[in-house]
Amino acid sequence: MNGHREQRARLRALVASGRTIPVPGATDALSARLIEAHGFESVYIGSYATAASRFGLPDTGLLSLDDLAAQARTIVNAVKLPVIADAEGGFNHPANLWRTVQAFEQAGVAAIHIEDHSGTGKHTELPQRLRPLEDAAARIRAAVEAREDPDFLIVARSDANWISGDLEDTMRRLEAYAAAGADMVFPTLVTPAQIAEIRRRVAKPVMIVDMPGGTLADEKRAGASIVLYYAFSALVQFDALGRALERFKATRDANAVPGYRERVRDFESFMGYREFAERARRYGAS
């Protein structure tokens, strides 16, 4: 538990530093460990990657609180980095939102984001809906009041600009969520100029999703505090494994797949097989 508190305090300090922090999305414990090994300062696990990696499903509102909290726990247990997790729309009525916060705090994550999107099929062309502003703000207020660790960050996400392109509605919502106590605001599908306007009007650090075609330098110039590369591991794994399987199928020779045979020792070293053997010998294994 003390480790979780340290991770939360570290994430809060990162946000307060004024730097722009890139946070790659994991799919599982292994990808999270690789993110950590390559020197990143935080890791993200969201519903998009969880639906794909854990269940082989699209992210269309099927996942439960327990599904997301359980996956977040596996990520937390694999790394020493602070973990940011997706809490969808909070799952519960504001009066019961304490249960959502409790589940993620007990899982050990450092931050959750709660969105005002109420529909399903967010990544489809189906009609999308937003919660009424008052209900969404009440969810943020309830989450802030429910947390036990004051360093556990509550991030308020608004999909208003994504759904309607209405920046003024986005502003009203983010201002209301900030007033409800959110530690950060998270507008989706916004441009650098829009981020600058949000930062001018809303006195909270800004979290964003990475900008297609943009670089971290672009996101830094826009004034983002945290940038979630939410599908990084899922899409890279999909591409790399798909290419490897295609080559194996075509050649009927697994030796022709780059990385398969020659990386066994690297992989087992990374996973800690040697450390296990040392522990086994220490405790008397023959």
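Attention in this report is confined to the structure presented alongside it.

Cut-offs used in this document
Residues numbered from 1 in each chain as written. Predicted model: local features only at pLDDT ≥ 70, side-chain atom pairs only at ≥ 80, totals over all residues. Heavy atoms only, no water. Buried < 20%, exposed > 50% of the residue type's maximum accessible area, 1.4 Å probe, protein only. Helix = DSSP H or I, 4+ residues; strand = E, 2+ residues; numbered from the N terminus. Pairing = 2+ DSSP bridges. Axes fitted to C-alpha atoms, helices over the stretch in contact; angles between N-to-C directions.

1. Observations concerning the pairing of strand 6 (residues 184-187)
Strand residues, when the strand is regular, have side chains that alternate between the two faces of the sheet.
Part 1 of the reasoning: Side-chain alternation along strand 6 places M184 and F186 on one buried face and V185 and P187 on a second face that is also buried.
Part 2 of the reasoning: Of the pairings in the sheet, the one linking strand 5 (residues 153-158) to strand 6 comprises four bridges and is parallel in character. Considered in strand 6, the bridge of S158 is made with P187.

2. A look at the sheet that holds strand 1 (residues 21-24)
Part 1 of the reasoning: A sheet is described by the order of its strands in space; here three strands give the open sequence 1-8-7, paired in parallel fashion. In this open sheet, the two strands that pair with only one neighbour each are strand 1 and strand 7 (207-209). If you compare each strand with its neighbour and ignore which way they point, the axes differ by 25° on average.
Part 2 of the reasoning: Summarising the sheet, strand 1 and strand 8 (residues 226-229) pair through four bridges and their orientation is parallel. Residue P24 lies in a different strand from strand 8, and its bridge partner there is Y229.

3. Remarks on the sheet that holds strand 6
Part 1 of the reasoning: The strand order across the open sheet formed by five strands is 2-3-4-5-6, and the pairing between neighbours is parallel. Both edges of this open sheet fall to strand 2 (43-45) and strand 6, since each of them pairs with a single strand only. If you compare each strand with its neighbour and ignore which way they point, the axes differ by 25° on average.
Part 2 of the reasoning: By the bridge criterion, five bridges tie strand 4 (residues 111-115) to strand 5 in an arrangement that is parallel. What sits directly across from H113, in strand 5, is V155.

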